[in-house]
Amino acid sequence: MRYISTRGQAAPRDFESVLLAGLAEDGGLFVPDAWPEFTMAEWRALRGLPYPELAARVIHPFIGEGIPLDALREMTARAYSGFGHPAIAPLVQLDTSAFALELFHGPTLAFKDMAMQLLGLLFDHVLAKRGQRVTIVGATSGDTGSAAIEACRDRAAIDMVILHPEGRTSDVQRRQMTTVRAENVRNIAVQGSFDDCQDLVKAMFADAPFREEMHLSAVNSINWARIAAQIPYYAYAALALGAPDREVAVAVPTGNFGNVLAAWAARRMGLPIARFIVAANRNDILARFLAANDMSAREVEPSLSPSMDIQVSSNFERLLFELLGRDAHATAETMQRFRAEGRMPVPDAAWREATAFFTGFTLDDPGTLGEIRRLWVECGYLADPHTAIGTAAARSLAPPGMPTIIAATAHPAKFPDAVERATGIRPPLPARLADLYEREERYTVLPNDLASIEAAVRAHARRN
Ligand SMILES: *Cc1c(COP(=O)(O)O)cnc(C)c1O
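Keep in mind that what you see is a predicted model, and the values were worked out from it rather than measured.

1. Structural notes on the packing of aromatic side chains
Line of reasoning, step 1. For the coordinates displayed, the defined rule picks out 15 aromatic pairs.
Line of reasoning, step 2. Geometrically, the ring pair formed by Trp35 and Trp224 is edge-to-face, given 5.8 Å between the ring centres and 65° between the ring planes. Within this pair, whereas Trp35 is found in the loop between strand S3 (30–32) and helix H2 (40–44), its partner Trp224 is found in helix H10 (residues 224–240), the two being separated by 189 residues in sequence.
Line of reasoning, step 3. Classification of Trp35 as buried rests on a relative accessible area of 12%.
Line of reasoning, step 4. Between Tyr51 and Tyr236 the ring centres are 5.0 Å apart and the planes differ by 85°, which places this aromatic pair in the edge-to-face class. Remark: Tyr236 occurs in helix H10 and Tyr51 occurs in helix H3 (residues 51–63); sequence separation between them is 185 residues.
Line of reasoning, step 5. By the ring-pair criterion, three or more aromatic residues cluster together here, those being Tyr3, Phe15, Trp35, Phe62, Trp224 and Trp264.

See below:
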């Protein structure tokens, strides 16, 4: 399998070098040069398999022979062995046709673990094979950081620096990052927003001498391997609900567009996912785009669902590339204009194509609390604020009668204040995290300034 950049100016690469590089050197995102497809019979043969086995089979076509299926199988078995539920990603029925796909049973209680636990092992495997080491830099709005840290902590060939926006993550989210005692991990609180953090990471990658000196690598959702590792759970759920012999819909609480893009990739592989409901909080750029072709960035506003407090959804570029008929030149130009003008000029035909499958939904904080309460009262289900936006989206926009998979992206105990406000119940942390509030925190606060951040990364990476 070969990968090309959405901006067309980077040489094609194989899976392993895409894994290590993260972002392409032309600023674009790597995408497969052709989408692998399974036949109906091949999909049916995956029904009923244990999750790690299904995951290995769905991901392997994106890797190719560089990593044999048996080696990948060992990695998926290990990656999901520490999860707190034997089904790994259980499907919980909420009403006649709505099903919560619980993706939060990993070590940090959010769906990021589903991909990240496997990514840590893939990095290890590939770096050992090549005798290389890397410095992983990442920006997090809360959940990516802890998931990345848990996946890469204490790995000999990896140094890691994670940027989070100071004061804009929940206490649980921050503590899950800053209390990890691992010599190879450093946390930086940036005085700015998540988009600022993400821009700093992009700027470090754009600084070619720095990138080479540090052997920079990324595990943000711009890393293709993360998208690949998120496809299997849509297949797992869709097959359980009757696919490929029956159409299903998905509703995905969305920030950086990675998770919903993975669902779309499952469709490209041949699964009949007929509708993609993109659920957002009041940071509603994607909903405005889908409703009226208005992709214009506004100020990021803090909400009860901080992992979706994003205005620039990096992974959207991968969909844009497809909507523009895989025209890399047009994609690069569109992204450059978006950067310069804050508004993305998507041609009408491309927008119409997007709206044939994608629908946007947005819910403010009072609506989110109301939905958490409703789920508790009507279904006896405790949902976190991100998941609740997904269930509300499915309720208002899912095609009638079509089984709808709602990505349940975080454990309710990760956002206990909102859940308690809505239901009066404070969800307890699972036993393995029960002493989180007693552990000592370690992080550095730095200004939103590239030179300061690069100096901190350099100091950390050199220590080894
Ligand atoms: C990261 C995250 C999201 C957003 O996912 P994207 O792939 O960035 O769209 C939604 N909910 C939770 C809980 C998250 O951690």
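Okay, back to it.
2. Comments concerning the state of the cysteines
Line of reasoning, step 1. Taken as a whole and assessed by the stated rule, the structure comprises 0 disulfides.
Line of reasoning, step 2. With no disulfide partner, Cys197 has as its closest neighbouring cysteine sulfur the one in Cys152, 18 Å distant.
Line of reasoning, step 3. Using a relative accessible area of 0% as the deciding quantity, one classes Cys197 as buried.

3. Here we look at the UniProt feature "modified residue: N6-(pyridoxal phosphate)lysine" (unreviewed entry) in the protein chain
Line of reasoning, step 1. UniProt's feature table lists "modified residue: N6-(pyridoxal phosphate)lysine" (unreviewed entry) at Lys112, given in the numbering used throughout.
Line of reasoning, step 2. The residues touching Lys112, leaving out its near neighbours within four places in the chain, are Asp143, Thr144, Ala147 and Arg226.

4. Focus on the packing of H3 against helix H4 (residues 69–79)
Line of reasoning, step 1. Relative to each other, H3 and H4 sit at 135°, their axes nearing to 9 Å. Considering their axes alone, H3 and H4 lie oblique with respect to each other. The handedness of the crossing between H3 and H4 is right-handed. Packed against H3, whose contacting residues are Pro52, Glu53, Ala55, Ala56, Arg57, Ile59, His60 and Ile63, the element H4 presents Leu69, Leu72, Arg73, Thr76 and Ala77 at the interface.
Line of reasoning, step 2. Class assignment for the residues of the contact of H3 with H4 results in 8 nonpolar, 2 polar and 3 charged.

5. What to know about helix H6 (residues 143–152)
Line of reasoning, step 1. Counting buried positions along H6 yields 9 of 10 residues, so the element is predominantly enclosed.
Line of reasoning, step 2. Within H6 the residues assigned to the buried category are Asp143, Thr144, Gly145, Ser146, Ala147, Ala148, Ile149, Ala151 and Cys152.
Line of reasoning, step 3. In this structure, the buried residues of H6 make contact with helix H5 (112–130), strand S6 (134–139), strand S7 (158–165), helix H7 (171–178), strand S8 (185–191) and H10.
Line of reasoning, step 4. Of the residues one or two after H6, Asp154 is the one with positive phi, at around 60°.

6. Describing the sheet that holds strand S1 (residues 2–5)
Line of reasoning, step 1. Within the open sheet, the 3 strands sit side by side as S2-S1-S3. Their pairing is antiparallel. Among the strands making up the open sheet, the edge pair consists of strand S2 (13–14) and S3.

7. Observations regarding the sheet that holds S8
Line of reasoning, step 1. The strand order S9-S6-S7-S8-S16 describes an open sheet built from 5 strands, whose pairing is parallel. Only two strands of the sheet have a single neighbouring strand rather than two, namely strand S9 (216–217) and strand S16 (444–447).
Line of reasoning, step 2. In terms of strand pairing, S8 meets S16 through 4 bridges, oriented parallel. Of the residues in S16, the one forming a bridge with Ala189 is Val445.

Parameters and conventions
Residues numbered from 1 in each chain as written. Predicted model: local features only at pLDDT ≥ 70, side-chain atom pairs only at ≥ 80, totals over all residues. Heavy atoms only, no water. Phe/Tyr/Trp six-rings, centres within 6.5 Å; stacked < 30°, edge-to-face > 60°. Helix = DSSP H or I, 4+ residues; strand = E, 2+ residues; numbered from the N terminus. Buried < 20%, exposed > 50% of the residue type's maximum accessible area, 1.4 Å probe, protein only. Disulfide = S-S within 2.5 Å. UniProt positions renumbered as here; feature names shortened; annotations may be inferred. Contact = heavy atoms within 4.5 Å. Axes fitted to C-alpha atoms, helices over the stretch in contact; angles between N-to-C directions. Parallel < 35°, antiparallel > 145°, perpendicular 65-115°, else oblique. Left-handed = near helix turned anticlockwise from the far one by under 90°. Nonpolar A, V, L, I, M, F, W, Y, C, P; charged D, E, K, R; others polar. Pairing = 2+ DSSP bridges.

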